[in-house]
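Listed here are the chains, written in short residue letters.
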Amino acid sequence: MSSTAGKLVTSRSELNIEDYLPSGSSIQEPRGKLRLLDLIDISPTLTEAAGAIVDDSFTRCFKSNPPEPWNWNIYLFPLWCFGVVVRYCILFPLRFVLDFNFWVVYFPFNIHPRTFAAERSRQIEEKYRGGVGISRVLVEMICSFFVGSWTGVVKYHGPRPSIRPKQVYVANHTSMIDFIVLEQMTAFAVIMQKHPGWVGLLQSTILESVGCIWFNRSEAKDREIVARKLRDHVQGADNNPLLIFPEGTCVNNNYTVMFKKGAFELGCTVCPIAIKYNKIFVDAFWNSRKQSFTMHLLQLMTSWAVVCEVWYLEPQTIRPGETAIEFAERVRDMISLRAGLKKVPWDGYLKYSRPSSKHSERKQESFAESLLARLEEK
């Protein structure tokens, strides 16, 4: 990772190192040939600056974007107050009642759809091609009601996903609502972290009916089990399309972190999906460390609208001589370019387990080496 950090810093020619130094500190022009040890010893604050730059480039991927204040003057403040009343006292109650009534009517059919409506399911499966049964129809309907409860404005570009063997869909990840936004158009079988509470109840009752696969990050053995299930799923001709978020964590929709290679080792066609949220009304990023998913949904339901665009990009296959990691990076390039996201060379799992002090020291040394090289070039 130390070499990665060095590449990251050297590639950013616009970086001002003194911005990261403590107040009153500065970098003096070298009087002679510098050695790495001299550089670190003479300027102790340099290592602090190196650590700040590394941390800043990583943590900024997982920071929320607070809205710019616009209401603190006598002309706009009354208008802002009126908007708060409309959103919290009119829109939110209507949206909540809409969702509540829907769950009261449809939840029993989603607990065991084959038990409650087996004959109807068989009729629908015969009516629709590709094995689309009542489970898929109800899941798509549920997600449509969810999107409606946020006044979701979603624009889809490209052909709608279809059921075919040996293909997998991959998308950038901002929030758990990514899955809902995509699921209302096509009932995907998604790979997802197992959640507690009411979200876990929906996972174990409703979403399992479309072939979703769950895992726990804390369980090492789950990786082998999930890998086997993935290989089995993509071989089925009538299975729902498989959806994977290869970043492995939620990123704030300004950046993309490294893609895990698992989705690109299945020997099948990879179909990229780019998702970009418009933050004009609300920031759709879910910071799971600071906010529960319930509070995240309440934030969306009390906003004016959730606006986003979805692009179904051209399917890709691995090229001769290309490794799974290179394939993953090529697909990440496509998604980042289409959605206007910046690439950073970080593993998203570092969000859950920060590197040790030894790793941080190596990254700082790598930064100092790159800085020394740049000074010697001048």
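Worth saying up front: this structure is predicted, and the values here are computed from it rather than measured.

About the criteria used
Residues numbered from 1 in each chain as written. Predicted model: local features only at pLDDT ≥ 70, side-chain atom pairs only at ≥ 80, totals over all residues. Heavy atoms only, no water. Helix = DSSP H or I, 4+ residues; strand = E, 2+ residues; numbered from the N terminus. Buried < 20%, exposed > 50% of the residue type's maximum accessible area, 1.4 Å probe, protein only. Contact = heavy atoms within 4.5 Å. Areas by Shrake-Rupley, 256 points an atom, 1.4 Å probe, with all protein chains shown as cover. Salt bridge = Lys/Arg side-chain N within 4 Å of Asp/Glu carboxyl O. Pairing = 2+ DSSP bridges. Axes fitted to C-alpha atoms, helices over the stretch in contact; angles between N-to-C directions. Phe/Tyr/Trp six-rings, centres within 6.5 Å; stacked < 30°, edge-to-face > 60°. Core = buried A, V, L, I, M, F, W, Y, C linked by side-chain atoms within 4.5 Å. Patch = residues over 30% accessible without salt bridge, like charges linked within 9 Å, V, L, I, M, F, W, Y side chains within 5 Å.

Novice: Looking at this model, I keep getting lost on the overall build of the chain. Mind explaining?
Specialist: Each helix and strand counted, the chain has 13 helices and 9 strands in total. The burial tally for the chain puts 45% of its 378 residues in the buried class. If you take every contact in the chain between residues at least 6 apart in sequence, the share linking residues at least 24 apart comes to 77%. By element, 57% of the accessible surface of the chain is carried by carbon and sulfur atoms, the whole surface being about 20300 Å².

Novice: Even after reading the chapter, I still don't get the environment of Cys271, so can you show me in this structure?
Specialist: Locating Cys271 in the fold gives a position in strand 7 (residues 269-278). Under the relative-accessibility criterion, Cys271 is labelled buried at 3%. Sequence-wise, Cys271 and Val170 are 101 residues apart; in three dimensions their C-alpha atoms are separated by 6.2 Å. Beyond its immediate sequence surroundings of up to four residues, Cys271 is in contact with Gln167, Val168, Tyr169, Val170 and Pro315.

Novice: I would appreciate a short explanation of the pattern of salt bridges in the present structure.
Specialist: Between side chains of opposite charge, a pair can form when the charged atoms approach closely. This structure, assessed with the given rule, holds 8 salt bridges. Note that Arg330 and Glu322 form a salt bridge whose closest N and O atoms lie 2.9 Å from each other. We classify Glu322 as buried; its relative accessible area is 15%. Between Glu329 and Arg332 there is a salt bridge, with the nearest N and O atoms lying 3.0 Å from each other. Placement of both Glu329 and Arg332 in helix 12 (residues 324-339) is noted, with a separation of 3 residues, approximately one turn of the helix. Residue Glu329 is classed as partly exposed on the basis of its relative accessible area, which comes to 23%. A residue is classified by how much of its surface remains accessible, and Arg332, at 3% relative accessible area, is buried. One salt-bridge network, held together by shared partners, links Glu329, Arg332, Asp333 and Lys343.

Novice: How do you make sense of the sheet that holds strand 8 (residues 306-312) when you look at a structure like this?
Specialist: Sheets are built from strands paired through backbone hydrogen bonds, the pairs being either parallel or antiparallel. The 7 strands lie next to each other as 1-8-7-2-5-3-4, forming an open sheet whose pairing is mixed. Each having just a single partner strand, strand 1 (152-157) and strand 4 (213-215) make up the two edges of the open sheet. Strand after strand, the sheet turns through a mean of 25 degrees between neighbouring axes, direction not considered. Bridge analysis of strand 3 (residues 189-193) against strand 4 gives 3 bridges, and the strand direction is parallel. Bridge pairing links Ile191 to Ile213 in strand 4.

Novice: What should I look at first to understand the pairing of strand 8 in this one?
Specialist: Two faces, one strand: in a regular strand the side chains alternate between the faces of the sheet. Among the 7 residues of strand 8, 6 are classified as buried, and the element is accordingly described as predominantly covered. Relative to strand 8, strand 1 runs parallel, the two sharing 6 bridges. Bridge assignment links Gly152 to a residue of strand 8, and that residue is Val306. As paired elements, strand 7 and strand 8 share 6 bridges and run antiparallel to each other. Looking at the pairing, Ile273 lines up with Tyr312 of strand 8.

Novice: Where do I start with the packing of aromatic side chains in this structure?
Specialist: Each pair of aromatic rings is reported with the distance of its centres and the angle of its planes. Enumeration over the complete set of coordinates arrives at 9 aromatic pairs. A centroid spacing of 6.4 Å and a plane angle of 15 degrees characterise the contact between Phe96 and Phe100, whose relative ring orientation is stacked. One end of the pair is Phe96 and the other is Phe100, both in helix 4 (residues 77-111) and 4 residues apart, which spans about a single turn. Judged by its relative accessible area of 47%, Phe96 is partly exposed. Through successive ring pairs, a cluster of aromatic residues spans Phe92, Phe96 and Phe100.

Novice: Can you walk me through the nonpolar core in this structure?
Specialist: Soluble, globular proteins show a tendency: their nonpolar side chains are buried together. Counting residues in each nonpolar core, the largest one holds 56 residues, and the members touching the most others are Trp150, Ile177, Leu182, Leu243 and Ile273. With 27 residues, the next largest nonpolar core counts Ala189, Leu230, Phe259 and Leu313 among its residues.

Novice: Please explain a nonpolar patch on the surface as it appears in this structure.
Specialist: Residues Trp70, Trp72, Phe77, Leu79, Trp80 and Phe82 make up a contiguous nonpolar surface patch of roughly 700 Å² in combined accessible area. Inspection of the secondary structure puts Trp72 in the loop between helix 3 (44-59) and helix 4. With relative accessibility at 61%, the residue Trp72 sits in the exposed group.

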